[in-house]
Amino acid sequence: MRFTILTLFPEFFQGPLTCAQMARAREAGILEVDLVNPRDFSTSRHSHVDDRPYGGGPGMVMSADPLARALASVEGPDCKPGRKPGRKIVLAPSGRPLTQALARELAQEEALTLVCGRYEGIDERLIEAEGLEPIGVGEAVLNGGEAAALCLVEAVARLLPGFMGKEESGEDESFSAGLLEYPHYTRPDVYAGREVPETLRGGSHAAIARWRRQASLRRTLERRPELLREAPLDGSDLNFLRGLPRPPALGRSLFLCLLHHPVLDKAGKTATVSLTNLDIHDMCRVSRTYELGGVLFVTPLDDQRELGQRLLDHWTEGAGGRANPDRAQALRLGRMAASLDEAVGWVTGETGLAPRIVATCARTGYRPARGRKERMIAFSPPGLVRGWLEREPVLLVLGTGHGLAPEVLSRADAVLTPVRGFAAYNHLPVRAAAAILADRLLGDAG
Ligand SMILES: C[S@@+](CC[C@H](N)C(=O)[O-])C[C@H]1O[C@@H](n2cnc3c(N)ncnc32)[C@H](O)[C@@H]1O
């Protein structure tokens, strides 16, 4: 495979390309690397390759022309015989993330051309006109594209036939099956008081394979839980994951609170909305599924609270609960309360700490008080609430009707970023929102 790297610092590659497997692979003809310096294609008197940015601001921008001429030398009529540019890539922090799957895809190519940026980056028109594919390595900004290009070259090169000693050694690695790799051990049996796991010392291939799969799953859950969303998992993987403690008491510190007052009606006036059986069942079931501390249904109306309590009693202690014990487990998490203050007091009594109040909102602006100018709501990301959950209880307040009244939003410690649907239709049922938000706060993607 041929890599052509456009770089203002060809010397950067001297060490990495001339040692260990990279050197051997180049000697064996498995890969070739050509370095092209855009400065050699500058037509300015002082070989300039950059200029000041339009719109002002610090730093310089790499000019299009020298890069275009350098690219033409790789693919144009004057290019060296046998030199093919292949897919043309620009290294950029804003690019498609370099993953094992992308490395595997690129390893199928005969040639790749990599353009390394420097300074503030490259004139965007060059990237568009040349059809360069932006690829980034990690969510951190480097001085230039050279280190990123090296990452890409190594990740791709080691997948080429003959690069690695044993053809199969890339198969079990991190990300290959959508999971992180299991830990490795070598002699001695005991190091720093730690023993090599018993199973790995035994001879059963099946037991070792199972141990490794489970270690992979556990490590992925601990370090990169979001990968589990896409990883191909079978039933035994899911059973194993279900049995693992997942994040210790985080869920139990989260309480849902469904307010039926004060909420807004269609006309934007403060109103009281009726309880629904559906909300009670489904929010309790969400709470049980994510192992939450409980769910409070708040209404100031005595008869509505009595109705709610009758429903809860029927499905826990009554005939409903006897007929459907699974439902009873969920509904046991439900409580009726007369006000948000009473809900806060109940959580404080249960946990010994006053909860943070986190409001939810489907709208993106609100009027805090009559006659005052409309203000945009400042939303907080789930990460902030997750941080609170590690130390203190959180009462996640959801509204019925047309959403929580401004006084509830103003009182909250944070308003969670709304669930962003794709249509202008903004009527997600509150129990669906509760499930999505519980998953954002506690699920694998968080
Ligand atoms: C200092 S960076 C410019 C960063 C740019 N202003 C931004 O914020 O996206 C200079 C060059 O380094 C390369 N670079 C920096 N970080 C990178 C990363 N994480 N992945 C790929 N390339 C990167 C790019 O080629 C970039 O044009």
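Quick caveat: nothing in here was measured; it's all calculated off a predicted structure. (Residues numbered from 1 in each chain as written. Predicted model: local features only at pLDDT ≥ 70, side-chain atom pairs only at ≥ 80, totals over all residues. Heavy atoms only, no water.)

1. Overview of the site of the ligand
In step 1: In the vicinity of the ligand, 19 residues are found, and the nearest of them are Leu91, Gly117, Val137, Ala140 and Leu142.
In step 2: A distance of 3.3 Å is found between a nitrogen atom of the ligand and a backbone nitrogen or oxygen belonging to Ala92.
In step 3: Among the elements of the structure, β5 (87-97), β7 (133-136) and α6 (145-157) are those that each provide at least two residues to the shell around the ligand.
In step 4: Here the residues of the shell around the ligand sort into 10 nonpolar, 7 polar and 2 charged. (Near = heavy atom within 4 Å. Polar contact = N/O pair within 3.5 Å; in protein donor to acceptor, adjacent residues only side chain to side chain. Helix = DSSP H or I, 4+ residues; strand = E, 2+ residues; numbered from the N terminus. Nonpolar A, V, L, I, M, F, W, Y, C, P; charged D, E, K, R; others polar.)

2. Quick look at helix α3 (residues 64-75)
In step 1: With 12 residues, α3 extends 16 Å between its outermost C-alpha atoms, agreeing within 8% with the 16 Å of an ideal straight helix rising 1.5 Å per residue.
In step 2: Buried residues of α3: Pro66, Leu67, Ala70, Leu71, Ser73 and Val74, and no others. One side of α3 holds all its buried residues, which, seen down the axis, span an arc of 150°. (Expected span 1.5 Å × (residues − 1). Buried < 20%, exposed > 50% of the residue type's maximum accessible area, 1.4 Å probe, protein only. Arc of directions from axis to C-beta.)

3. What about the environment of Phe3?
In step 1: Mapping Phe3 onto the fold places it in strand β1 (residues 2-6).
In step 2: C-alpha of Phe3 to C-alpha of Arg87: the two residues are 84 residues apart in sequence and 10.0 Å apart in space.
In step 3: Ignoring sequence-local partners within four residues, the contact set of Phe3 consists of Leu31, Glu32, Val33, Asp34, Leu112, Leu114, Leu152, Val153 and Val156. (Contact = heavy atoms within 4.5 Å.)

4. Structural notes on the domain arrangement of the chain
In step 1: In terms of domains, the chain is made up of domain 1 (2-170), domain 2 (190-243) and domain 3 (251-442).
In step 2: Taking only C-alpha atoms, the centre of domain 1 and the centre of domain 2 are 37 Å apart. (Domains from an automatic or database assignment.)

5. Remarks on the side chain of Arg87
In step 1: With respect to the helices and strands, Arg87 occurs in strand β5.
In step 2: Among the polar contacts listed, one links the side chain of Arg87 to the side chain of Glu109, at a separation of 3.5 Å.
In step 3: Engagement of the side chain of Arg87 in a polar contact is seen with the side chain of Glu133, the distance being 2.8 Å.
In step 4: Setting aside residues no more than four positions away along its own chain, Arg87 makes contact with Arg96, Glu105, Leu106, Glu109, Ala111, Leu112, Thr113 and Glu133.

6. Some words on the nonpolar core
In step 1: Within the largest apolar cluster, 32 residues are counted, with the highest numbers of intra-cluster contacts made by Phe3, Leu31, Leu114 and Leu152.
In step 2: Those elements giving two or more residues to this core turn out to be β1, α2 (20-27), β5, α4 (100-106), β6 (111-115) and α6.
In step 3: Of all the elements, α6 adds the most residues to this core, at 8 residues.
In step 4: Ignoring sequence-local partners within four residues, the contact set of Leu31 consists of Met1, Phe3, Met22, Ala25, Arg26, Val153, Ala157, Leu160 and Phe163.
In step 5: Grouped together as the second largest cluster of nonpolar side chains are 30 residues, Leu254, Met283, Trp388 and Leu442 included. (Core = buried A, V, L, I, M, F, W, Y, C linked by side-chain atoms within 4.5 Å.)

7. Details of the pattern of salt bridges
In step 1: Scanning the entire structure with this criterion turns up 22 salt bridges.
In step 2: The salt bridge involving Glu105 is made with Arg87; its shortest N-O contact spans 2.9 Å. Note that Glu105 is positioned in helix α4 and Arg87 in strand β5, a separation of 18 residues in sequence.
In step 3: According to the relative accessible area criterion, Glu105 is partly exposed, its value standing at 32%. (Salt bridge = Lys/Arg side-chain N within 4 Å of Asp/Glu carboxyl O.)

8. Section: the packing of helix α10 (residues 277-289) against helix α17 (residues 430-442)
In step 1: At a minimum axis separation of 9 Å, α10 and α17 run at an interaxial angle of 10°. The angle between α10 and α17 places the two elements in the roughly parallel class. On α17, the residues touching Leu278, Asp279, Asp282, Met283 and Val286 of α10 are Val430, Arg431, Ala434, Ala435 and Ala438.
In step 2: Of the residues that constitute the contact of α10 with α17, the class distribution is 7 nonpolar, no polar and 3 charged. (Axes fitted to C-alpha atoms, helices over the stretch in contact; angles between N-to-C directions. Parallel < 35°, antiparallel > 145°, perpendicular 65-115°, else oblique.)

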